[in-house]
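# Structure assessment
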Amino acid sequence: MSLFFANFLGRFIIYSYMDSFYIVGGNRLEGEVVIDSAKNSLLPILAGCILVEGEVLLKNVPRYSDVLAMCKILEHLGGKTRFIKGEVGEDLYIDCRDISYNDVPNELACTVRSSIFTLGPILGRMGTAKVSYPGGCDIGLRPIDIHLAGIKQLGSKVVDKNGYIYADGLKLKGEDVMLSFSSVGATENIMMLAVLAKGQTRIFNPAREPEIVDLQNFLNSCGASITGAGSNLIVINGVKKLHGTTYQAISDRIEAGTFMIAGAMCGKLEIKNVATDHNLELITKLSQTACKIERYNDRIIIENRGRPISFGEIETAVYPGFPTDLQAQMFALASVSEGYSLIIENLFESRFKHIGELLKMGADIRCKNGVCIVKGKEKIYGAEVTAPDLRGGASLVLAGLVAEGYTTINNVELIDRGYFRIEDKLSALGGDIKRIKCEKKVDNCS
Ligand code: UD1
C-alpha cells in the first residue's frame, strides 16, 4: 500500500491507494532471495523506543506499511523518525528523547494492530496513557484482556471507555505475572512496561517466539535488565532509564517461510539471511512434499521436483509449533499437491478468509469447526480475487504463481503490511507479477 498522512483541519486523513497484483501463472522461480528484517520484531522494538531517552538506529529496516504506521504514532507522541541510506537497504533513525504526549488516537491506532504495544511503553515512560483499541488485519476477535490483566498486576489502574484504554501507572512496581495464555503481544507489552518499573517482574508462561528474544536483546542493548526470553520465565529488573543504541532486528521467519513454500511449489530458490532454526516445523513439513532441501544455519535451498506430494497435516500452535502466520500459504501449496492435506487453525477463529478466494481459483477445500481438508488438484486457474488479510494475501500470490492463466489480486495494501515489495522479489526470480497502481478511496479508518 502507498500510504501518506495529512493533518487536515486537525484531523488525520489517510489516503489509501488500493493497488492490485496482476500475475501470469506458470513461470518457474529460480535464483537467490534475501529475507528482510522481521516485521514482528520491528513493531514491538519501535514501541520500545518510546522508553528510550537517546537516539536509536535500527539497521536494515524495510518500509513495511505497518512500520510506517508505527513511525506515525511515535511522531504523534513527539518522537522523530527518519529513514536514511544504510549499508544494506535503509536504516531507521528514531529519537524519542522529547516525547511529551501520552495518547494514541483512533485515527492512528486503527491502521496497525501493534499500536497496542505502545500502551506499556507510554505508561512506563509518561506515567499515564490513553490508547485507542487497535486495528489491524481482520483475522478474529483479537481481545487484549491478557495485556490489560498484566498491566493491572504491575499496579496500574486501567479504565476501558469509549474505545480507549486509560491507564494510570504512577505507582508501578515489579510483580509476578502469570499469563493465562502465551500471547505474543501481551508478553511484549508487559516486558516493556516492567523495564522502568521499580523492582523485579517475573512473567510466567510468556510467549517464546524468536521476536520476544529479539525485543529482549534490543531493550538490553539500551540498558534494560531482562533475562529468560525464549524460555517459560522472563525476569525483568527495573532500571531508571534507557539509553540509545544501534540494533539490527532478526530476519523475518514468515517472509522466509513464504519463499520456502514458493520454492516447494514452483522453483529452485536459495533463500538467504534466514535463521533456519526458526522455521523447523515448516521445513519438516516441506521435506515431506518431495522437494529437495539443503539447509544451512543462515540460508536454505529449496527445489521443487515436479508436482508436490501432500505434506499431510499441520496444526497451528504457539512457537515452536507451526506458525499461524504460515497457515494460509500452506493452503496454496496443499491446493496443488498430490493427495489430501489436513489444516487445523487453533489461534485465530476467522483466519480462513483466503479459502473463499482459493475456491474461486478452482481449489477443492472443505472446512468444519476450524478443521479443513484440501484435496490437491493437478491444476488451479487464474481468477480475480481479493486479499482478505496480510498472510491470506500472500497465499493468493503463491496460488497465482502456479495457476493456469492470469490472476488479479485486489487489496494488496494488506500484503504490504508485512512484505516489502514482494512483487519485485518475485519478478527478480522469474515470476510474472506486476503491481497495478490505483487510487480508489480516501479513508480515515472509521
Ligand atoms: C502476534 C503476531 C501475529 C501472529 C500472532 C500469533 C506481531 C506484531 N503479530 O500477534 O503476526 O499471528 O502473534 O503468533 O507480533 N489473545 C487473547 N487476549 C489477549 C491477547 C491475545 O485472547 O489479550 C488471543 C488472541 O485472540 C489469539 C491468541 O491469543 O487468539 C494469540 O494472540 P497473540 O499471541 O497475542 O497475537 P498478537 O500478539 O496479536
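Above this text sits the structure in question.
This section reports on the structure supplied with the text.

Here is what the cut-offs are and how they apply
- Residues numbered from 1 in each chain as written.
- Predicted model: local features only at pLDDT ≥ 70, side-chain atom pairs only at ≥ 80, totals over all residues.
- Heavy atoms only, no water.
- Helix = DSSP H or I, 4+ residues; strand = E, 2+ residues; numbered from the N terminus.
- Rg over C-alpha atoms; globule rule 2.2 N^0.38 Å.
- Buried < 20%, exposed > 50% of the residue type's maximum accessible area, 1.4 Å probe, protein only.
- Contact = heavy atoms within 4.5 Å.
- Pairing = 2+ DSSP bridges.
- Axes fitted to C-alpha atoms, helices over the stretch in contact; angles between N-to-C directions.
- Near = heavy atom within 4 Å.
- Polar contact = N/O pair within 3.5 Å; in protein donor to acceptor, adjacent residues only side chain to side chain.
- Areas by Shrake-Rupley, 256 points an atom, 1.4 Å probe, with all protein chains shown as cover.
- Phe/Tyr/Trp six-rings, centres within 6.5 Å; stacked < 30°, edge-to-face > 60°.
- Lys NZ or Arg CZ within 6 Å of the ring centre and 35° of its normal.

## A look at the overall build of the protein
Looking only at helices and strands, one finds 13 helices and 27 strands in the protein. For the protein, whose C-alpha radius of gyration is 21 Å, the value lies close to the compact-globule estimate of 22 Å for 446 residues. Looking at the protein residue by residue over its 446 residues, the buried ones come to 57%. Look at the contacts in the protein between residues 6 or more apart in sequence, and 72% of them connect residues 24 or more apart.

## Notes on the sheet that holds strand β17 (residues 267–272)
A sheet is described by the order of its strands in space; here 4 strands give the open sequence β4-β17-β19-β18, paired in mixed fashion. Each of the sheet's edge strands pairs with one partner strand only, and the pair in question is β4 (29–34) and β18 (292–295). Each strand of the sheet is rotated relative to its neighbour by a mean of 10°, with strand direction disregarded. Looking at chain direction, β18 and strand β19 (residues 299–303) are connected through 4 bridges and run antiparallel.

## Some remarks on the pairing of strand β22 (residues 364–368)
Of the strand pairs in this sheet, β22 and strand β23 (residues 371–375) are connected by 5 bridges, and their pairing is antiparallel. Bridged to D364 within β23 is K375. Counting the residues that bridge the hairpin from β22 to β23 gives 2 residues, and of these N369 lies at a positive phi of roughly 50°.

## Points about the site of the ligand
Near the ligand, the surroundings consist of 19 residues, among which D145, I146, S183, D325 and L347 are the closest. Between an oxygen atom of the ligand and a side-chain N or O atom of N40, the distance comes to 3.0 Å. Contact distances for the ligand include 2.7 Å between an oxygen atom and a backbone N or O atom of I146. In isolation the ligand exposes 740 Å². Once the protein is present, 87% of that is buried. At 3 residues, the largest contribution of residues to the shell around the ligand is made by helix α5 (residues 145–153).

## What to know about the packing of aromatic side chains
This model, assessed by the stated rule, comprises 4 aromatic pairs. For the pair Y164 and Y166, a centre-to-centre distance of 6.4 Å together with 50° between the ring planes defines the contact as tilted. Assessed through its relative accessible area of 16%, Y164 is described here as buried. Residue placement shows R82 over the ring face of Y93; its charged tip is 4.8 Å from the ring centre. Against the face of Y164 rests K130, its NZ or CZ located 4.7 Å from the ring centre.

## Brief notes about the environment of L193
By the secondary structure assignment, L193 is in helix α6 (residues 184–195). In this structure L193 comes out as buried when scored by relative accessible area, which is 0%. Note: C-alpha distance between L193 and G312 (119 residues apart in sequence) is 42 Å. Other than its neighbours up to four places away in sequence, L193 contacts G120, L123, G124, I151, L154 and L172.

## With respect to the environment of S310
Looking at the secondary structure, you find S310 in the loop between β19 and β20 (313–315). Relative accessible area serves as the criterion here: at 12%, S310 is assigned to the buried category. Separated by 124 residues in sequence, S310 and A186 have C-alpha atoms that sit 35 Å apart. With residues near it in sequence (within four places) discarded, S310 still touches Q288, S337, E338, G339, Y340 and S341. Of the polar contacts made by the side chain of S310, one reaches the backbone oxygen of Y340; its length is 2.8 Å.

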